[in-house]
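Each chain, written out:
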Amino acid sequence: MLHWMTSISIWLIPLLILSILVYGTFKRVPTYETFVEGGKEGIDMSFSLIPFLVGMLVAISVFRASGALDSFVQVIKPLLTFLHFPAEIFPLAIIRPISGTAALGMTSDLISVYGPDSFVGRLAATIQGSTDTTFYVLTVYFGAVGIKKMGDALKVGLLADLVGIIAAVVVVTLVFGTK
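Below is a short write-up of the structure. (Residues numbered from 1 in each chain as written. Predicted model: local features only at pLDDT ≥ 70, side-chain atom pairs only at ≥ 80, totals over all residues. Heavy atoms only, no water.)

## Notes on the nonpolar core
Here is the rule: Residues belong to one nonpolar core when they are buried, are Ala, Val, Leu, Ile, Met, Phe, Trp, Tyr or Cys, and are joined through side-chain atoms within 4.5 Å. Each residue is placed in one exposure class: buried if its accessible area under a 1.4 Å probe, protein chains only, is under 20% of its type's maximum, exposed if it is over 50%, and partly exposed if it falls in between. Only DSSP runs of H or I covering at least 4 residues are called helices, and only runs of E covering at least 2 are called strands; the numbering of each starts at the N terminus. Residue contacts follow a heavy-atom distance rule, with two residues in contact if any of their heavy atoms lie within 4.5 Å.
Ranked by internal contacts, the top residues of the largest apolar core, which has 26 residues, are Phe85, Ile89, Leu92, Leu123 and Ile127. Listed by contribution, the elements that provide at least two residues to this core are α2 (31-65), α3 (68-82), α4 (90-95), α5 (100-114), α6 (119-130) and α8 (151-176). Of the residues forming this core, the biggest block, 5 residues, is contributed by α6. Here isoleucine 127 is in contact with Ile89, Leu92, Arg96, Ile165 and Ala168, once residues within four sequence places are set aside.

## With respect to the pattern of salt bridges
Stated precisely, the cut-off is as follows: We define a salt bridge as a contact between a side-chain nitrogen of Lys or Arg and a carboxyl oxygen of Asp or Glu at a distance within 4 Å.
The tally for this structure, following the rule as stated, stands at 1 salt bridge. The shortest N-O distance in the salt bridge between arginine 122 and aspartate 117 comes to 3.8 Å. Owing to a relative accessible area of 25%, arginine 122 belongs among the partly exposed residues under this scheme. On the accessibility criterion, aspartate 117 (59% relative accessible area) is exposed.

What follows is the structure, given as structure tokens:
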């Protein structure tokens, strides 16, 4: 069974690409020229994204390096304790919607400090996988196509992140128990 699934996964993408090329050729679409044109558009878009990415990375670095994040965690630590939410995880929950790279670094740090089989390590890994980089997605993709009004998308994205974090805490607690 495992060998069969491995074979399918290895051949699926090449077969999909081949079928698109054959279909395009059958419909008399200049497939190579269309591919090259798409590549040019991709490069142009990547250059237009650079200012958005730099701005976001600088803001995240300033927020973490200034100590503002650590101070905020200390202020709300009693509330987090009351909610049975580990204070060590809260910075990850705040940073994850902003930057996937920063969140991955925090997850790596949490796992190296607490261990991969600890409650904190499992919760960090689950939050990493069950939430998205909402601000990054909105800034980069909406900025690249020129969408200015993103209020509803922001609300829905942050609500989805909150639900993902709550679900992660519930599932990890139910499956593995606390500490």
